[in-house]
Amino acid sequence: MGKKRGGGKGQEWKPVQANDLFLEGTNFDGLIGIEELSDYNIESFKKLKFKKQPEDGADRKRSLVETSAEEVVLPDNESAPKKKKKASKNQSGTKNGWSVTNDVDDETDLDMSAWENLFVPEPVLMRLKELGFTEPTRIQLMTLPPATAGRKDILGAAETGSGKTLAFGIPIISRILDYRDKVSKGIINEDNEAEDSVSDEEEEVVEDDGKIGCVKVETTKTISNTDRKMGKLHALILEPTRELAIQVRNHLVAVSKYCNIKIATVVGGMAQEKQERELKKCPEIVVATPGRLWELIKEGNPFLQQVDRLTCLVIDEADRMMERGHFQELRDLIERLELSKCARQTLVFSATLTLVHEPPKRLSTSKKKKKGPKQPLRVTPGQKLNQFISMLGLKNPKVIDLTAKEGTAESLTEAYIPCRLEEKDALLYIFLKNHPGRTLVFLNSISSVRRLANVFTLLKCSPVALHAQMMQKQRLKSLEKFASNPTGLLLATDVAARGLDIVGVQHVIHYHVPRTSENYVHRSGRTARAHKEGLTVLFVEPQEMSGFNRMCQNLGKHNDLPEFPVDRNMLDEVKKRVELAKELEQLDHSHRRSYSDEGWLKKAAKELDLHFDEHDRLPLRAPVDPSAERALKLKKKSLEALLRAPLNSKGFSGKYPTSTGALVVPFSSGSSGEALNMVKTKSPGVKSLGHELGIKKKRRPRFNKKKKAVKNVKEGI
Ligand SMILES: Nc1ncnc2c1ncn2[C@@H]1O[C@H](COP(=O)(O)OP(=O)(O)OP(=O)(O)O)[C@@H](O)[C@H]1O
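Residues numbered from 1 in each chain as written. Predicted model: local features only at pLDDT ≥ 70, side-chain atom pairs only at ≥ 80, totals over all residues.

> Explain the packing of helix H6 (residues 164–184) against helix H8 (residues 242–255) to me, using residue names and the numbers behind them.
One can describe the packing of H6 onto H8 by two numbers: an axis separation of 10 Å at closest approach and a directional angle of 55 degrees. Compared by their axis directions, H6 and H8 come out oblique. The hand of the H6/H8 crossing is right-handed. Residues Thr-165, Leu-166 and Gly-169 of H6 pack against Val-248, His-251, Leu-252 and Val-255 of H8. Taken together, the residues of the contact of H6 with H8 sort by class into four nonpolar, three polar and no charged. (Axes fitted to C-alpha atoms, helices over the stretch in contact; angles between N-to-C directions. Helix = DSSP H or I, 4+ residues; strand = E, 2+ residues; numbered from the N terminus. Parallel < 35°, antiparallel > 145°, perpendicular 65-115°, else oblique. Left-handed = near helix turned anticlockwise from the far one by under 90°. Contact = placed C-beta atoms within 7 Å. Nonpolar A, V, L, I, M, F, W, Y, C, P; charged D, E, K, R; others polar.)

> Please set out the sheet that holds strand E16 (residues 463–466) residue by residue, giving values where relevant.
Taken in spatial order, the six strands line up as E14-E19-E18-E15-E17-E16 in an open sheet, and their pairing is parallel. Of all strands in the sheet, those with a lone pairing partner are strand E14 (412–418) and E16, marking the two edges. For this sheet, the mean inter-axis angle between neighbouring strands, taken without regard to orientation, is 20 degrees. Judged from the four bridges that link them, E16 and strand E17 (residues 489–492) form a sheet pairing that is parallel. Paired with Val-464 across the strands is Leu-490, a residue of E17. The strands touched by helix H18 (residues 472–484) are E16 and E17; relative to E16, the strand with the most contacts, the crossing angle is about 140 degrees. (Pairing = 2+ DSSP bridges.)

> Can you explain the pairing of E17? Please cite residues and give values.
Here E17 shows no split at all, with Leu-489 and Leu-491 on one side and Leu-490 and Ala-492 on the other all buried. Bridge analysis of strand E15 (residues 439–442) against E17 gives four bridges, and the strand direction is parallel. Along E17, the bridge assignment pairs Val-441 with Leu-491. Chirality of the crossover, the property in question, places the unit of E16, H18 and E17 among those that are right-handed. (Buried ≥ 20, exposed ≤ 12 C-beta atoms within 10 Å, placed from the backbone. Right-handed = clockwise from strand over helix to strand, strands pointing away.)

> Could you give me a rundown of the environment of Ile-400, with the residues and numbers involved?
Relative to the helices and strands, Ile-400 resides in strand E13 (residues 398–401). Residue Ile-400 is classed as buried on the basis of its C-beta count, with 27 C-beta atoms lying within 10 Å.

> Provide a residue-level description of the pairing of E15, including the pertinent values.
Across the two faces of E15 the burial is the same, with Thr-439 and Val-441 and Leu-440 and Phe-442 all buried. In this structure, E15 lies alongside strand E18 (residues 507–510), joined through four bridges in parallel fashion. Residue pairing across strands places Leu-440 opposite Val-508, the latter belonging to E18.

> Summarise the domain arrangement of the chain; cite the residues concerned and give the values.
Each assigned domain of the chain is listed with its residue range as follows: domain 1 (122–358 + 380–401) and domain 2 (415–567). Mapped by element, the contributors of at least two residues to the side of domain 1 that touches domain 2 are H8 and helix H11 (318–321). No other element matches the four residues that H8 contributes to the side of domain 1 that touches domain 2. Here the side of domain 1 that touches domain 2 is built from residues that sort into five nonpolar, eight polar and six charged. (Domains from an automatic or database assignment.)

Structure below.
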């Protein structure tokens with residue numbers, strides 16, 4: 001075991017004595033010694049400087065929960081590194097605005113020193129420079145050293161849009177390049193068929209004692225015949241939705257441009273044969289959703305049989321993925337991955353990994369529950385993390401929790417609109433017209449998305465829809481359409497809530513109060529990404545008030561959430577349009593139903609081997625009533641006339657003060673940042689709409705739950 005390649009500049013590996021405990025439960029066949037990276041100098045990271053955090057409120061929102069002693073403490077009061085030149089263009093986007101990252105115009109002078117000592121491979125660094133990523137985000141800063149040099153298992157939690165994808169992506173790329181380097185130097189022998197076991201000094205399995213950053217274990221490396229013949233599957237990244245898997249793949253492709261790494265996606269809803277062809281090319285990384293992946297593994301796909309010897313597993317959006325009742329395939333897969341557990345590095349990420357809250361009332365009060373064995377109703381963040389540790393067989397993982405109790409991103413502005421159920425459509429219309437900008441509206445059911453998409457199409461707002469019952473191609477088309485239109489409107493279920501990185505989403509509207517606090521955090525996280533500002537607004541009707549209050553309490557937002565100032569003077573005028581559009585939608589809906597009934601009858605007739613004549617259909621549908629047809633046409637015409645007329649606040653034309661005191665420029669002339677500013681600068685004398693409607697938000701005493709959560713994590717692990 002000689003002096004050797006360091007883990008970084010000027011760093012050296014030194015032999016270390018390991019006690020039995022250290023190796024307990026592990027399986028290091030061929031272990032010949034252990035070395036530690038003696039000057040894995042975390043201090044040097046402290047010298048890195050970061051964007052100045054806002055003085056007020058920022059500290060309150062941040063928590064830093066760690067279990068290991070060597071963690072970086074980030075200085076709040078240091079200013080950003082002086083860049084010779086700033087990135088000159090939006091850092092990410094697509095040709096269509098979604099899921100690919102764009103280059104900056106001129107990166108030659110960019111100062112990339114903030115990435116030093118983070119073990120980022122040179123070709124990746126070159127690429128980061130081209131993309132204008134001049135400094136790591138906090139989660140990247142804290143994850144890269146232990147995950148790359150230390151090869152540690154990581155449990156990482158950081159706010160939405162904070163760059164978690166690269167926090168797990170760069171260590172994977174680094175690992176692959178390292179492997180290739182060893183193969184090329186003959187440290188790992190791929191070609192020699194006769195030589196199955198090769199002595200190796202690979203930093204394959206890494207542990208630490210809680211003080212030193214990283215320890216290298218020397219093993220006897222075995223390369224299987226399969227790895228040699230078909231190329232090695234290094235990493236598997238699991239995502240909860242197809243769109244997210246595609247996006248993560250594109251992100252990694254963009255950042256590994258100079259690394260020549262093959263990355264494939266395996267997701268449902270798209271041609272399996274095509275994916276099998278991709279797998280035949282032996283991608284080093286596979287990004288997958290659990291269902292299709294498990295299907296292919298079960299079918300015996302030869303390349304995927306390597307999952308038993310996987311070197312890196314990533315579970316993104318882990319809290320969703322591991323939720324009870326979801327993704328049975330993932331549980332089956334994890335059982336199957338048991339074999340690779342010891343040698344594998346596992347990286348687990350989510351913005352809500354440590355978010356805990358009271359369970360829904362129905363669970364705590366149900367009779368069934370009381371009779372059954374006593375279960376702890378509320379888990380602590382520590383217990384939650386422990387569940388991941390035991391389910392995934394993590395080895396002394398590093399916990400990096402940068403999330404605030406509030407859960408949401410720091411640059412997010414939040415507000416709510418108390419309203420009557422029947423007003424929601426009109427209020428949404430007013431919002432869209434007064435505040436043009438890319439807007440994502442979340443609803444709790446597919447049928448609501450369909451209905452609202454029809455109504456807002458009739459209102460000429462050109463919405464696109466996204467939900468799980470759409471064809472996959474259509475889903476991707478919707479996303480691209482939305483992302484390419486700066487005033488685009490996307491109506492979606494929670495299938496779009498997690499992970500999607502669509503550039504320039506200015507507003508996230510919760511048409512329905514989300515069912516869980518986690519969903520609120522993730523939905524809202526589609527805006528205010530990568531330190532950009534964004535606005536999220538909840539529409540709350542009386543029936544939803546208790547859910548809303550509970551959510552606010554869970555997220556510690558009770559005293560913070562302001563009411564969004566709405567111009568109710570417009571409401572009467574807008575209601576006329578919206579009601580007409582709703583009527584037309586209803587008529588259209590029943591029309592479509594009669595057609596689908598026919599479809600059903602046709603199918604039933606076919607099954608019974610009955611002849612179904614085209615003429616048979618006619619009596620099934622209500623005979624076309626010419627006067628009804630005329631009425632329908634008339635309604636359409638009057639809606640069109642209404643939509644052509646300018647819509648101003650009652651009694652005002654041009655600029656006018658609203659009931660809230662805010663100055664609103666009616667319809668389409670408002671600037672896109674205006675909605676956000678209206679919340680920020682809301683005058684203290686604003687009359688509460690909730691009060692007007694007899695809706696009152698419950699106010700609860702504030703108490704510092706954040707501290708409690710931190711304590712729980714520390715005790716729980
Ligand atoms: N170091 C960096 N500098 C600038 N931008 C970055 C950096 N790292 C990532 N980004 C950009 O930040 C955006 C958000 O990153 P990413 O999608 O990884 O966030 P996330 O933390 O996974 O969010 P979510 O929790 O919503 O899934 C992306 O557009 C990405 O290109």
